[in-house]
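Understanding the architecture of this molecule
These are the residues of each chain, in order.
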Amino acid sequence: MTYRFSPEVKKYTIKMAASSETTLKKPHVGKKRKPPKRYWEGTEEDGKNDGKKQKEGDNNKQTPQQKKTRTKEGGKRGGTGEKKVISGKSDPFPGSAPVPEEKLRKFKRGDKGELPPRPQYKLRAVVVRSEAASDLAQKQNARYDLMLPEDAGFLEGDEDEDTCTISQDDIADAVDITAGAKYFNLTLSQFGPYRLDYSKTGRHLLLGGRRGHVTSLDWQSKQLMCEMNVMETVNDVKWLHSEALFAVAQKKWLYIYDNKGIELHCIRKFNDVLRMQFLPYHFLLATASATGFLQYLDVSVGKEVAAICTKAGRLDVMAHNPHNAIIHLGHSNGTVTLWTPNQREPLVKMLCHQGGVRSVAVDKTGTYMVTSGMDKKLKVYDIRSYRPLQSYFLPAGASCLSLSQRGLLSAATGDIVQVYRDVWGTPVTKPYMAHRAKGSVWGVHFCPFEDVLGVGHGEGFTSMVVPGAGEPNFDGLDANPYRSAKQRQEWEVKALLEKIQPELIGLDPSQLSQVDHSTWEQRHEDRVQALGFDPLAKEKFTPRLKTKGRSSSGKVEKRKKQVAHEDQRDVIRQTVEDRMKIDKERKEKKKKEAAAAGQKSALDRFRK
C-alpha cells in the first residue's frame, strides 16, 4: 500500500494495491536456509572462476610505456582523476568553504617572522609547526565567528529625521520589553552626585555618591546586593577582578569591601585617592591621588607594587589603555602623560590642550585616545604616532568622556549627554544621540556587552539605551555574564595562574615575543668578566700526537699554522670583498663627478 497526502481535503488517504500485485512469486513457507559459507570452503565453480580471472589478469598486463601514459592521463600518482560524487552528481563546490578575508584579518595574531637557517633544522621545524597551528586557529576562529547568533544594533531615523532628536521614551516604547527595561532612572537626590562602574561581565553596577552613599546591584534583574553609607566623602568606586570585591576611594584612605558591604581592608598607604583604574589581567589597582602620586596595588597578594611621584600636582583625570595596560594621566598644564609601574619617568608626554585637561578616554584596541580640555575642544589622537586626527569645538566643553566597545563616544556637557559615532574617521557634524539628565553629570560609563550607557548625575543615576554601543557576542571563557558561582571560582583560579607580571607592561606588547640582543650581549660580557675567560669561544686547535717522527716540534707548528690559516680564510675573504666594494663605490663617485664637471653651464661664459 502507498500513502498519499491530499492538501485540499487535508486528510490522509490510503490506496490499496491491485489484486494482481499481491500474488507471490515463490512460496517461502517451510523452506530451509543454507548455512553461510566459510572462507576455507571452496567449490569447483570458485576454482574455475579463479582460473578465468588469472587469464584475464595475464591479458590485461601493461607495458611500462602504457603505465606512464596512464599516470599522465590520470594526473597525480595514485589518483583516479575523477571528480568527487555526491548522491550521483559531481560536487560543484569541492573542498572546504572559503573564509572571508575580513574575518581572517579580525583574528590575525601578528605577522610571520623569518625562519631560522637550514642548519638549525630542529628549531626550524618547531617554528613551522607553531605557525601552522596559529594559521589553523585563525581559520577556525573565523569560521566559528560566522555562527555567532547576535549582531550589533543601530538606530535609524525616518526621512529627514535626525537620530539625536529621538528621545529615550520613544526608544523604550519601540523596542521589546526586555530592551525597554534597560532604560530606567534611580532618584537619589540626597547623596549625589554619583560615580559609577560596571563589572567586567557587564552584569553588575556599582554606585558611589559624593556624600558617602555606596551601593551595588544586579542592574538587569534590579536585585540589590548591598547598600551602605560610609559617613564620609566618596571620590571614586571601582570593581576589582570579579563582582565579589570592590574598592572605594574615601576622603582619607582606600577601602576594600565585599559584595555584602563588609569592610575587608583599610589601606592607609593609599591616601587622598581621587581616581582609580583596575588592570584585570595584571590584578593591579592603579590610583591617582591629590598629592600627585601614582600608586599600584597588587590585589592578589595585597602589596604595593610601585609608588611614583609624578611632580605634576593634583591628579583628577585618569584613564587606562586596555591593549597594553598603560595609564594615561591628564594634568592642569594641558599635557597627557603615559606611565608604567616599571619607570619613574613618563614614557610619553603630549601637549594636548592650551588649558587644563578635563577628561581622557582610550578605545579597547589601544589605537585612539580622546581628550577634552578647558579650551572647550575635543581632540582625537592616534597613539601609534602621537598625532592629532580630529579636533572638535564644543560650546561648553566636555567634562566626562567614555568609549564603548563598538567605538561610540559619549561626552557630557553640564546636564546634557551626547553620543557620537566614528569620531576618528570623517569629521562629525552632529551627534548620534542626545539626552538631558536631571542634574549635572559627574560620570558616564558604557556597559560591556550591552547597548547601555550609565550616567551618574546630581539627582541619582540614569541608564540610557544606545543601540550599537556594546559588543553583541561575549567570550564565555573570559567574561561570561551568565556564569554561576562555581564557574566564577574556577575562572578566578585560572586567571590567578595566568596573571601577567607588572614588569611586562610596556608600550608595545609585541616586544615580549622578540629576543633582546643588547641585553644578551651585556650578560655575556658580564659573564666573561666574572669567569675570566669566554665560555662560548672556540677552543684552540691542539694537534694529535702521531708516531714515527711525525710529531716533531716543527711539524706540530706547521699543522697549527695550517689550521689557523683555514680559520682566517673567511675573515680575509670578507675583508677583501669589503675593500673591493669600497673601491667600486669610490670609482663610481669619481665618474659621476667627472661627468658633472664635463657638462657645460650657462655661467661658463663668465669664466676667465
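Scroll up to find the structure.
Report follows, based on the coordinates. It should be emphasised that the depicted structure is a prediction, and the values quoted were computed from it without experimental measurement. (Residues numbered from 1 in each chain as written. Predicted model: local features only at pLDDT ≥ 70, side-chain atom pairs only at ≥ 80, totals over all residues. Heavy atoms only, no water.)

1. Examining empty space enclosed by the protein
As a reminder of what qualifies: Whether a set of points on the 1 Å grid over the protein atoms alone is a cavity depends on a 1.4 Å probe fitting there but being unable to get out, while an open set qualifies as a pocket with protein on both sides within 12 Å along at least five of seven lines; lining residues are those with an atom within 4 Å of a point. Grid points are joined across faces, edges and corners, and a volume is the space filled by probe spheres set on the points. Basically, the charged four are Asp, Glu, Lys and Arg, the nonpolar ten are Ala, Val, Leu, Ile, Met, Phe, Trp, Tyr, Cys and Pro, and anything else, Gly included, counts as polar.
Per the counting criterion, the structure on display carries 1 cavity of 30 Å³ or more. Empty space within the largest cavity amounts to approximately 50 Å³. For the largest cavity, the full set of lining residues is Ser199, Lys200, Thr201, Trp239, Leu240, His241, Ser242, Glu243, Asp478, Ala479, Arg483 and Trp491. Its residues placed into classes, the lining of the largest cavity shows 4 nonpolar, 4 polar and 4 charged.

2. Looking at a nonpolar patch on the surface
Here is the rule: Residues form patches when they are more than 30% accessible in relative terms and have no salt bridge. Like charges link within 9 Å. Nonpolar side chains (Val, Leu, Ile, Met, Phe, Trp, Tyr) link within 5 Å. Only the protein chains shown count as cover for residues, and the accessible areas themselves come from Shrake-Rupley with a 1.4 Å probe. Note on definitions: salt bridges are taken to be side-chain nitrogens of Lys or Arg within 4 Å of carboxyl oxygens of Asp or Glu. Strands here mean DSSP runs of E at least two residues long; helices mean DSSP runs of H or I at least four residues long; both are numbered from the N terminus.
Nonpolar side chains collect at one region of the surface, where Tyr281, Ile500, Leu504 and Leu512 lie side by side and expose about 370 Å² of accessible area between them. Positionally, Leu504 belongs in the loop between α7 (485-497) and α8 (517-531).

3. Re the pattern of salt bridges
Note the following rule: Type-normalised accessible area, obtained with a 1.4 Å probe on protein chains alone, sets the label of each residue: buried when under 20%, exposed when over 50%, and partly exposed for intermediate values.
Taken as a whole and assessed by the stated rule, the structure comprises 15 salt bridges. Across the pair Lys238 and Asp197 runs a salt bridge whose closest N-O atoms are separated by 3.6 Å. Of the two residues, Lys238 sits in strand β10 (residues 234-239) while Asp197 sits in strand β6 (residues 194-198), which places them 41 residues apart along the sequence. Summarising the burial analysis for this pair, Lys238 and Asp197 share the class buried.

4. Considering the layout of surface pockets
Taken as a whole, the second largest pocket spans an internal volume of roughly 830 Å³. Those elements that place two or more of their residues in the lining of the second largest pocket are α5 (168-174) and α6 (177-180).

5. As for helix α4 (residues 121-145)
Worth spelling out the cut-off: Each helix should span, by expectation, one fewer than its residue count multiplied by 1.5 Å. What makes two residues a contact is simply this: any of their non-hydrogen atoms within 4.5 Å.
Over its 25 residues, α4 extends 36 Å from the first C-alpha to the last, a length consistent with the 36 Å expected when each residue adds 1.5 Å. Buried within α4 we find Arg124, Ala137, Gln138, Ala142 and Asp145. Along its buried surface, α4 packs onto α3 (101-106).

6. Concerning the packing of aromatic side chains
Our working rule: Put simply, two rings from Phe, Tyr or Trp (the six-membered ring, in Trp's case) pair if the centres are within 6.5 Å, and we call them stacked under 30 degrees between planes, edge-to-face over 60, tilted for the rest. Placement of a charge over a ring requires the Lys NZ or Arg CZ to be within 6 Å of the ring centre, with the centre-to-atom vector within 35 degrees of the ring normal.
What the rule picks out here adds up to 8 aromatic pairs. Their ring planes at 80° and their centres at 5.8 Å tell us that Trp239 and Phe246 sit as a pair that is edge-to-face. Overall, Trp239 belongs to the buried group, its relative accessible area being 3%. With a centroid separation of 6.3 Å and 25° between ring planes, the pair formed by Tyr255 and Tyr257 is classed as stacked. Given a relative accessible area of 11%, Tyr255 falls into the buried group. Residue Tyr257 is classed as buried on the basis of its relative accessible area of 5%. Within the aromatic cluster, the residues linked to one another by ring pairs are Trp239, Phe246, Tyr255 and Tyr257. Between the NZ or CZ atom of Arg268 and the centre of the ring of Trp253, over which it lies, the distance is 4.5 Å. Here Arg421 stacks its cationic end above the ring of Tyr432, 4.9 Å away from the centre of that ring.

7. Remarks on the nonpolar core
Inside soluble globular proteins, nonpolar side chains tend to come together where they are buried. What counts, and what does not: Among buried residues, those of type Ala, Val, Leu, Ile, Met, Phe, Trp, Tyr and Cys that are joined through side-chain atoms within 4.5 Å constitute a nonpolar core.
If you look at the biggest cluster of nonpolar residues, it comprises 29 residues, and the most contacted ones within it are Tyr296, Ile327, Leu329 and Met369. Listed by contribution, the elements that provide at least two residues to this core are β15 (284-289), β16 (293-298), β17 (303-309), β18 (317-320), β19 (327-330), β20 (335-339), β21 (348-351) and β22 (357-362).

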